[in-house]
Every structure is written in structure tokens, then in C-alpha cells.
Amino acid sequence: ASKLAHLIERFEQPEAGDEPVEGEELDAAAIRAAIAERRIEPFFQPQVTFTNGQLISVEALARLRGEDGEIVCPNRFIGVAEREGLIDAITEAVLVQACEWKRRWVREGLHSKVAVNMSMRNLGRVDAADRYLGIVRDCGVDPREVVLELTESSVMEEAASSLHVLARLRLKGFGLSIDDFGTGYSSLSQLSQIPFTELKVDRSLVSGSPRHPRKRAVIEASLDLARKLNLGVVAEGVETVDEWQMLAELGCTYAQGYLIGKPTAGAELPDAIARWRRPER
Ligand code: C2E
Ligand code: MG
Ligand code: MG
Ligand code: MG
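Residues numbered from 1 in each chain as written. Chains lettered and ligands numbered in written order. Predicted model: local features only at pLDDT ≥ 70, side-chain atom pairs only at ≥ 80, totals over all residues. Heavy atoms only, no water.

Visitor: If you had to explain the pairing of strand S4 (residues 113–117) to someone new, which residues and values would you point to?
Guide: With four bridges connecting them, strand S2 (residues 55–65) and S4 associate as parallel partners. Its bridge partner being in S4, Ser57 is matched across the sheet by Lys113. The sheet contact formed by S4 and strand S5 (residues 146–151) spans four bridges and is parallel. Within S5, the residue paired with Val116 across the bridge is Leu148. (Pairing = 2+ DSSP bridges. Helix = DSSP H or I, 4+ residues; strand = E, 2+ residues; numbered from the N terminus.)

Visitor: Got a sec to walk through the coordination of the magnesium ion (ligand 3)? Specific residues and values, please.
Guide: Those protein atoms acting as donors to the magnesium ion (ligand 3) are Asp179 (OD), Asp180 (OD) and Glu236 (OE), and they sit at 1.5 to 2.5 Å. When the donor residues of the magnesium ion (ligand 3) are listed from N- to C-terminus, their spacing reads D-D-x55-E. The metal-metal distance between the magnesium ion (ligand 3) and the magnesium ion (ligand 2) comes to 3.6 Å, with Asp179 coordinating both. Here Asp180 is found in strand S6 (residues 175–181), whereas its partner Glu236 is found in the loop between strand S8 (232–235) and helix H10 (241–250), with 56 residues between them in sequence. Take Glu236: its relative accessible area is 8%, and that puts it in the buried class. (Donors = N, O, S within 2.8 Å, 3.2 Å for Na, K, Ca; no water. Buried < 20%, exposed > 50% of the residue type's maximum accessible area, 1.4 Å probe, protein only.)

Visitor: Pulling in residues and values, what's your account of the pairing of S8?
Guide: Side-chain alternation along S8 places Gly232 and Val234 on one buried face and Val233 and Ala235 on a second face that is also buried. Pairing of strand S7 (residues 198–201) with S8, which is carried by four bridges, proceeds in the parallel orientation. Each residue of the ladder has a partner; that of Leu199, found in S8, is Val233. Across two bridges, S8 lies against strand S9 (residues 254–256) in parallel orientation.

Visitor: Quick one: what's the story with the coordination of the magnesium ion (ligand 2), residue by residue and with numbers?
Guide: Looking at the metal site, the magnesium ion (ligand 2) is ligated by Glu59 (OE), Asn117 (OD1), Glu149 (OE) and Asp179 (OD), spaced 2.0 to 2.2 Å from it. Along the chain, the residues that donate to the magnesium ion (ligand 2) are spaced as E-x57-N-x31-E-x29-D. On the basis of relative accessibility, which here comes to 5%, the residue Glu59 falls in the buried class. Overall, the relative accessible area of 29% leaves Asn117 in the partly exposed class.

Visitor: Give a description of the site of ligand 1 that names residues and reports values.
Guide: As a structural note, the neighbourhood of ligand 1 is formed by 24 residues, with Glu59, Arg63, Asp179, Glu239 and Tyr258 the closest of them. A distance of 3.0 Å separates a nitrogen atom of ligand 1 from a polar backbone atom of Ala62. Measuring from a nitrogen atom of ligand 1, one finds a side-chain N or O atom of Ser119 at 2.9 Å. Taking 800 Å² as the accessible area of ligand 1 by itself, protein coverage stands at 92%. Looking at the shell around ligand 1 element by element, the count peaks at four residues for S2. Residues belonging to the shell around ligand 1 are distributed by class as follows: nine nonpolar, five polar and 10 charged. (Near = heavy atom within 4 Å. Polar contact = N/O pair within 3.5 Å; in protein donor to acceptor, adjacent residues only side chain to side chain. Areas by Shrake-Rupley, 256 points an atom, 1.4 Å probe, with all protein chains shown as cover. Nonpolar A, V, L, I, M, F, W, Y, C, P; charged D, E, K, R; others polar.)

Visitor: Summarise the packing of aromatic side chains; cite the residues concerned and give the values.
Guide: For the structure on display, the rule yields four aromatic pairs. With 4.6 Å between their ring centres and 50 degrees between their planes, Phe50 and Trp244 make a pair best called tilted. Separated by 194 residues along the polypeptide, Phe50 in the loop between strand S1 (40–49) and S2 and Trp244 in helix H10 bring together distant segments of the chain. Just as Phe50 is buried, Trp244 falls in that class too. These aromatic residues form a ring-pair network of at least three members: Phe44, Trp101 and Trp105. Over the ring of Trp101 we find Arg104; its NZ or CZ atom is 4.1 Å from the centre of that ring. (Phe/Tyr/Trp six-rings, centres within 6.5 Å; stacked < 30°, edge-to-face > 60°. Lys NZ or Arg CZ within 6 Å of the ring centre and 35° of its normal.)

Visitor: Pulling in residues and values, what's your account of the packing of helix H4 (residues 87–107) against helix H5 (residues 128–138)?
Guide: Relative orientation of the contacting elements H4 and H5 amounts to 30 degrees, with a least axis distance of 9 Å. Relative to H5, the element H4 is oriented roughly parallel. As H4 packs across H5, the resulting crossing turns out to be right-handed. Contacts from Asp88, Thr91, Glu92, Leu95, Val96 and Cys99 in H4 reach Arg131, Tyr132, Ile135 and Val136 in H5. Of the residues assigned to the contact of H4 with H5, the class counts are six nonpolar, one polar and three charged. (Axes fitted to C-alpha atoms, helices over the stretch in contact; angles between N-to-C directions. Parallel < 35°, antiparallel > 145°, perpendicular 65-115°, else oblique. Left-handed = near helix turned anticlockwise from the far one by under 90°. Contact = heavy atoms within 4.5 Å.)

Visitor: Tell me about the packing of helix H9 (residues 213–228) against H10, residues and numbers included.
Guide: Packing of H9 against H10 brings their axes to within 11 Å, and their N-to-C directions diverge by 40 degrees. Between H9 and H10, the angle falls in the class oblique. In the packing of H9 onto H10, the handedness of the crossing is right-handed. For the pair formed by H9 and H10, the contact residues are Arg216, Ile219, Glu220, Leu223 and Arg227 on the first element and Met246, Leu247 and Leu250 on the second. In terms of residue class, the contact of H9 with H10 is made up of five nonpolar, no polar and three charged.

Visitor: Pulling in residues and values, what's your account of the side chain of Asp180?
Guide: An unpaired buried charge is present at Asp180: no salt bridge exists, and Lys200, the closest side chain of opposite charge, is 6.9 Å distant. Residues within four places of Asp180 in sequence aside, it is in contact with Thr151, Glu152, Lys200, Asp202 and Glu236. (Lys, Arg positive; Asp, Glu negative; His and termini not counted. Salt bridge = Lys/Arg side-chain N within 4 Å of Asp/Glu carboxyl O.)

On their own, these measurements won't tell you what the molecule is for.
Here it is, written out as C-alpha cells:
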């Protein structure tokens, strides 16, 4: 593990991070209004297996619909919501809608888990695990069909206090995923104490990895670690066939990224999946 800690380092580069921040952060009042008016909605991005390209899960990504109908990306409101005590309402709105969509897709013959992003702030209350369990069950969804994603960096900062909440969520069947792996300050001992089921290799590592031996080395080390901890591995931000092929050869389990599909509205997901074809060898 110490060799790994050494390998896992930050890759800071202009392309790292998520969608470019278009515009400034919203203010708390605007976010409060959007919550009250139900203008928070998830888009969905598919995750597929490398082996046969089959849909396995969809990640719910929060969007805020502005008053003029424009779509606002999460980097303009999640941080504010966390600071202003609004993140529980957002997580709940995303989780409920993700479960509702999941049930609708099943009726259309599309079977998929759903993955929802959580903030550590969501886990602060002692009854947090039972609240989320209640929400999912009220929607008629089995918690084993739901994966909760937590960013590596947030977990490392606060794990001790929320460890029991995470353990209880896992006990109740939720999958637990380490998001943006490779960008946080990894404490491997801490990682081993949380009952994670999955690791998501960050896009900054995946991007350009076929031409970047050091990124490839970190991905390989992450896959090794995942195998030893019995975790599934999702590669984030797969954009090219070269990336797909390299990751497949390395034995990565799941792919997510623009190559497979961009985040889309729930109503459009079945068509988007139907259009998707696994790259030929
Ligand atoms: P994330 O969980 O790592 O989600 C992946 C982000 O990468 C998404 O941006 C997605 O649109 C983008 N992405 C996926 N594939 C590709 C690709 O191939 N190329 C490129 N260039 N980008 C790709 P998005 O939707 O803007 O979300 C940004 C971040 O906001 C998420 O990162 C997540 O940390 C956070 N977030 C989103 N929804 C929620 C939520 O409901 N609650 C919380 N707490 N955070 C959320
Ligand atoms: Mg995520
Ligand atoms: Mg991620
Ligand atoms: Mg990311």
C-alpha cells in the first residue's frame, strides 16, 4: 500500500475538473427558490461494462433549471448549497427523481442501477442512513439498486464522524462509491475502513492516458488496489476509443463518459442507450 500511496499523486492540468464553470455561483436565495419550485432535476449518464457494453447503472447529475428555462450545471450551485445548508434538500430531490425514473425505465424494459452523488454534509445527522433508506423504499426501489457516490477528498476530511452512517447505509444494501479517485488526498488506511463497493477513477487520469505512461501507471495501481479490496472500477470521462481499449485491456470494469453518452434528461435516456454501440476491436 505504501508503494501505491507514492504512485497516487495529483495530476494538475488545464483539462482536469468537470464541465467548465459557465457563469458565477448562484446565490442562496436563487437556489432556495429553485428547490421550492422544484426546478432541481437530475440528468443521467450511462455506465456500461467493458466486456460487452451492457448498461449497468446511470449516474444522476443535478441540474438547476433557471427561471428562463436555462440549465445550470452543478458547479454553480452545489458548493453554495453545501455552505448554506441547502444540500440535504438537493440530494433528496435528486434521489427521489432518480428512483422515480428508474421505475419508469423498468416499465420500458430498461434495467439499470442508479448512482447518486452525496456530500459528506448529507451524512452529518445521526439518522441520515435511515432517512435515505426511507426515501428509496418509499419510491419502491431496493437500496441494492442504488449506489451513493462520495468524493475521495471529502471522505478523507470527515470520515471518522460519518463512518457509522456509511456502515449503516452499506448494511442496508446501498452501494458506496469513491468518486474522483486519484484527485483527493488518499489516506489508504482510511479507505480500508469504509465499506466501499466501487472506485471511480477520475477523468483527469483517464483523459489522454494511452499517451501518458504515468497516468497509465496510476490507473494500473488503482485497479490493483480495487481488485485486492474487491471493488468494481468505473473509469470516468472516457471520451475516445483509444482510452476505451486501453482501459478494457487493463481489466477495468465499467466505463462512463462522452464516448458512451453525455448526461441526458430522463425521458431521453432509453433512446440514448439504444443508439450506443461498443467500439469494435
Ligand atoms: P462527478 O460526480 O465526478 O460527475 C462527473 C462529471 O463529469 C459530470 O459533470 C459529467 O457531466 C462530466 N463528464 C462525464 N463524462 C465526461 C466526459 O467524457 N468528458 C467530460 N469533459 N466531462 C464528462 P457535472 O454534471 O457538471 O457534475 C460535476 C460535479 O458536480 C459532479 O462530478 C459531482 O461531484 C457534482 N454533483 C453533480 N450532481 C450532484 C448532486 O446531486 N449532489 C452533489 N453533492 N454533487 C453533485
Ligand atoms: Mg459522481
Ligand atoms: Mg466523478
Ligand atoms: Mg469527476
